[in-house]
Amino acid sequence: MEKISNFTGIGVPFRYSNVDTDQIIPAIYLKRISKTGYEDGLFSTLRQDPDFVLNQDAYQNPQVLVAGSDFGTGSSREHAVWALRDFGFKAVFSPKFADIFRSNCGKQGVIAGVIANSDTVKLWEAMEANPGIELEVDLPSQTVRCGELEINFEIDEYTKWRLSEGLDDIGITLQNEDKIAEFESRRAAWRPKTLPVKGD
Amino acid sequence: MKLAEQPLTLAEKLWRDHLVVKGEDGAPDLIYIDLHLVHEVTSPQAFDGLRLAGRDIRRRDLTIATEDHNTPTKDIHLPIAEPTSAKQVQALRENTKEYGVRIHSLGDKNQGIVHVVGPQLGLTMPGITVVCGDSHTSTHGAFGALAMGIGTSEVEHVLATQTLPLTPFKTMAINVEGTLRPGVSAKDIILAIIAKIGTGGGQGYVLEYRGSAIRALSMEGRMTICNMSIEAGARAGMVAPDEITFEYLRGRPHAPEGKDWDEAIEYWKTLKTDEGATFDEEVFINADELDPFVTWGTNPGQGVSLLGEVPNPSTYQDPSDRESAEQALKYMDLEPGTKMKDIRVDTVFLGSCTNSRIEDLRAAAELLKGKKLAEGLTMMVVPGSQKVRIEAESEGLDKIFKDFGAEWRFAGCSACLGMNPDKVGEFKRAASTSNRNFVGRQGKNARTHLVSPVVAAATAIRGTLSSPSDLEG
């Protein structure tokens with residue numbers, strides 16, 4: 001994963017709340033076995049509307065999505081994050097994210113920053129007053145800036161550290177391989193095993 | 001998290017008993033995973049990741065795969081017609097072969113929806129941690145397991161390490177006291193809970209369903225409730241194990257035997273929230289007053305009593321709720337004030353990991369026996385697994401469904417999400433026993449009303465959203 005510190009990119013006022021991952025990318029795009037190339041599926045239903053925000057000239061090649069509350073609910077599909085990432089988004093801000101979606105963002109180098117409801121509205125208004133304006137996102141100070149407006153966002157310390165260092169989770173976990181092996185040596189015999197048994 | 005000597009909730013006990021490394025300085029805890037369920041949609045990129053990094057699977061003996069999301073539910077002896085579906089299923093077969101993972105493929109008697117297969121094999125049991133790259137993994141919490149849906153990166157992480165770095169959750173008690181009236185079932189309880197706490201109400205929490213109405217439920221009913229925990233945004237939902245749990249497990253292929261069974265029972269009996277333990281949040285539901293529940297909108301929280309009517313968004317205080325309800329009604333083509341029972345449907349879907357177990361099929365069949373499908377409607381019955389299908393056929397349920405006018409299909413996720421050819425048609429309205437009424441979920445512009453199996457059956461008979469009591473007299 002690439003290290004993230006700060007970047008500047010076009011922001012999108014995404015005035016939708018309760019956006020589930022079926023909306024972010026419908027199931028029809030989930031049949032692929034690759035890990036990249038999902039940008040065509042992003043918001044594919046909404047994008048059929050010519051007036052949809054991502055179809056407007058001002059918001060081409062965007063990098064920052066500012067959405068309403070309860071973003072990424074529903075299905076666990078990581079394809080939702082792949083689609084955002086492949087479309088070019090490096091950060092998503094919302095007053096509330098679904099747990100699995102937020103976790104998936106952290107695995108793919110996408111910032112999922114929590115901002116206050118009132119700040120969300122301020123950001124929308126600032127972006128709409130100046131369509132296509134670039135936002136400055138700064139991970140170390142946890143701020144997003146839109147012109148004169150500066151907003152703080154929340155992200156858990158551990159995810160922030162991993163994103164800024166560009167660290168692979170599996171590598172970190174395997175540093176504890178001895179502790180995993182020790183735990184396994186104490187695993188009770190009644191606990192399930194999937195190997196075939198009589199009566200399967 | 002509390003200290004070990006303090007009274008603990010059920011979820012905290014499971015966390016304690018799977019803690020490999022306690023995280024320091026804000027790092028998450030490392031939690032051991034007892035059972036990893038795998039299916040074709042969310043795993044190919046995880047296997048690819050292993051291959052690229054030159055890593056092996058740590059515990060293939062704790063991993064099991066089945067094919068469910070893409071698989072056709074008819075003509076299963078033929079090659080899968082849709083090329084991308086076929087390719088994804090083929091990738092799972094090749095990956096499990098290469099890495100030595102047990103798989104139940106289309107045609108096998110243990111093939112079916114991953115959340116039906118785990119419990120039926122007896123692999124899902126109290127006191128274990130279960131993960132799967134599918135949000136409805138919460139289903140397995142019905143056994144008193146800590147069961148979570150995960151993303152594909154986490155699937156790869158579990159394959160490689162059999163652990164997951166996780167941040168401790170908050171706990172929420174959902175107390176459901178009282179006795180359900182006839183015609184009201186587990187599905188109505190969970191739809192009422194989600195309508196009450198909202199689709200984000202459970203975010204950051206593990207829910208524990210408690211109270212006399214939960215204790216009175218069968219394992220199938222408890223699975224229906226835990227299954228939809230994710231629709232309230234919760235990371236997991238669970239029910240403390242009891243005699244009903246133990247009886248369900250006894251004699252299943254992978255249930256412990258002999259001395260192991262005795263040891264397991266002894267431990268399982270300790271798996272309940274201690275007297276004096278506190279939850280971060282508590283919710284109360286009166287089961288005596290529950291009606292059959294049905295959704296009117298495009299998220300599972302937009303539900304109402306079947307005796308009620310389509311709400312008027314203009315009465316909503318919160319502007320974003322109002323906007324969301326207005327958009328939902330437009331999509332659903334419904335007018336405020338319409339009585340739910342006056343809504344006519346085009347099709348009925350009985351299936352999905354929420355309601356496709358043998359008990360669900362029996363409850364529906366009992367109402368459908370000797371009746372005919374309402375004119376102009378279609379109905380599809382999709383058992384959760386091949387084993388459920390075989391069991392249903394041995395009881396003659398297939399004949400009841402077919403005589404009624406419904407299609408009797410093979411096992412899979414089917415029209416719940418329409419990754420296979422089973423879809424609700426464009427602008428068609430469905431009464432569906434599945435879990436999500438999202439925009440486009442069951443097919444482009446398809447309109448979904450989430451219902452219980454008995455409401456699905458009564459609706460199929462009358463043609464309009466109906467409760468079993470409407471069939472009397």
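Residues numbered from 1 in each chain as written. Chains lettered and ligands numbered in written order. Predicted model: local features only at pLDDT ≥ 70, side-chain atom pairs only at ≥ 80, totals over all residues.

*Asks:* Account for the overall build of chain B, with residues named and values stated.
*Replies:* A count of helical and extended segments in chain B gives 15 helices and 19 strands. What you see for chain B is a C-alpha radius of gyration of 22 Å, in line with the 23 Å of a compact globule of 473 residues. Residues counted as buried form 62% of the 473 residues belonging to chain B. Put simply, 75% of the contacts in chain B that link residues at least 6 apart link residues at least 24 apart. (Helix = DSSP H or I, 4+ residues; strand = E, 2+ residues; numbered from the N terminus. Rg over C-alpha atoms; globule rule 2.2 N^0.38 Å. Buried ≥ 20, exposed ≤ 12 C-beta atoms within 10 Å, placed from the backbone. Contact = placed C-beta atoms within 7 Å.)

*Asks:* Describe the confidence of the model for chain B, and please don't skip the residues or the numbers.
*Replies:* Across chain B, pLDDT averages 96, with 99% of residues at or above 70. Among the scores for the predicted complex, ipTM is 0.93 and pTM is 0.95. (pLDDT = per-residue confidence, 0-100.)

*Asks:* Any chance you could break down the interface of chain A and chain B for me, citing the residues and the numbers?
*Replies:* Each partner contributes to the interface: chain A provides 52 residues, whereas chain B provides 69 residues. Elements supplying a minimum of two residues to the side of chain A that touches chain B: α1 (21-24), α3 (99-107), α5 (157-165), α6 (169-174) and α7 (177-185) of chain A. Tallied by class, residues from the side of chain A that touches chain B come to 18 nonpolar, 16 polar and 18 charged. (Nonpolar A, V, L, I, M, F, W, Y, C, P; charged D, E, K, R; others polar.)

*Asks:* Give me the lowdown on unusual backbone geometry, citing residues and values where you can.
*Replies:* Residues and elements named next belong to chain A. You will see that N61, though not glycine, has its phi angle at about 55 degrees, which is positive. Of note, N61 is situated in the loop between α1 and β2 (62-67). In this structure, Q142 takes a positive phi of about 55 degrees despite not being glycine. Position of Q142 relative to the elements: it lies in the loop between β5 (134-138) and β6 (143-146). For Q142, a count of 17 C-beta atoms within 10 Å gives the class partly exposed.

*Asks:* Describe the nonpolar core, with residues and values.
*Replies:* Soluble globular proteins tend to bury their nonpolar side chains together. Counting residues in hydrophobic clusters, the biggest one holds 197 residues, and the most contacted among them are V92(A), I189(B) and L368(B). With 8 residues, helix α6 (residues 186-197) of chain B is the largest single contributor of residues to this core. With sequence-adjacent residues up to four places away left out, L368(B) is seen in contact with I400(B), F401(B), F404(B), A457(B), A460(B) and I461(B). (Core = buried A, V, L, I, M, F, W, Y, C linked by C-beta atoms within 7 Å.)

*Asks:* Kindly report on the sheet that holds strand β3 (residues 91-94) of chain A, identifying the contributing residues and their values.
*Replies:* All names here are of chain A. Strands sit in the order β4-β3-β2-β1-β5-β6-β7 across an open sheet of 7 strands; the sheet is mixed. Each of the sheet's edge strands pairs with one partner strand only, and the pair in question is β4 (111-114) and β7 (149-152). With strand direction ignored, the average angle separating the axes of adjacent strands in the sheet is 30 degrees. Across 3 bridges, the pairing between β2 and β3 is parallel. Opposite L65, over in β3, you have V92 as the bridge partner. (Pairing = 2+ DSSP bridges. Axes fitted to C-alpha atoms, helices over the stretch in contact; angles between N-to-C directions.)

*Asks:* Which residues make up the sheet that holds strand β12 (residues 281-286) of chain B, and what are the values?
*Replies:* Sheet strands line up and pair through hydrogen bonds in the backbone, either parallel or antiparallel. Residues and elements named next belong to chain B. The sheet built from 4 strands is open, its strands ordered β11-β10-β9-β12 with parallel pairing. Of all strands in the sheet, those bounded by a partner on one side alone are β11 (236-238) and β12. The sheet shows a mean angle of 20 degrees between the axes of neighbouring strands, direction not considered. Where strand β10 (residues 205-210) lies against β11, 3 bridges are found, and the strand directions are parallel. Considered in β11, the bridge of V206 is made with A236. Most of the contacts of α6 go to β12, to which it runs at about 130 degrees, and overall it touches β9 (170-177) and β12.

*Asks:* Describe helix α4 (residues 114-121) of chain B, listing the residues and the values that go with them.
*Replies:* All names here are of chain B. Of all 8 residues making up α4, 8 are buried, and the element is well covered by its neighbours. Taken as a whole, α4 has its buried residues at V114, H115, V116, V117, G118, P119, Q120 and L121. In this fold, the buried residues of α4 make contact with β3 (35-38), β4 (63-66), β5 (102-104), β6 (129-132), α8 (219-227) and α13 (386-394). G122, located one to two residues past α4, shows a positive phi value of around 80 degrees.

*Asks:* Lay out the packing of α6(B) against α8(B) in plain terms, naming residues and giving numbers.
*Replies:* All names here are of chain B. Running from N to C, α6 and α8 point in directions that differ by 20 degrees, and their axes come no closer than 8 Å. Classed by the angle they form, the pair α6 and α8 counts as roughly parallel. Remark: the crossing between α6 and α8 carries right-handed chirality. Residues A186, K187, I189 and I190 of α6 lie in contact with α8, whose contacting residues are G221, T224 and I225. Counted by class, the contact of α6 with α8 contains 4 nonpolar, 2 polar and 1 charged residues. (Parallel < 35°, antiparallel > 145°, perpendicular 65-115°, else oblique. Left-handed = near helix turned anticlockwise from the far one by under 90°.)

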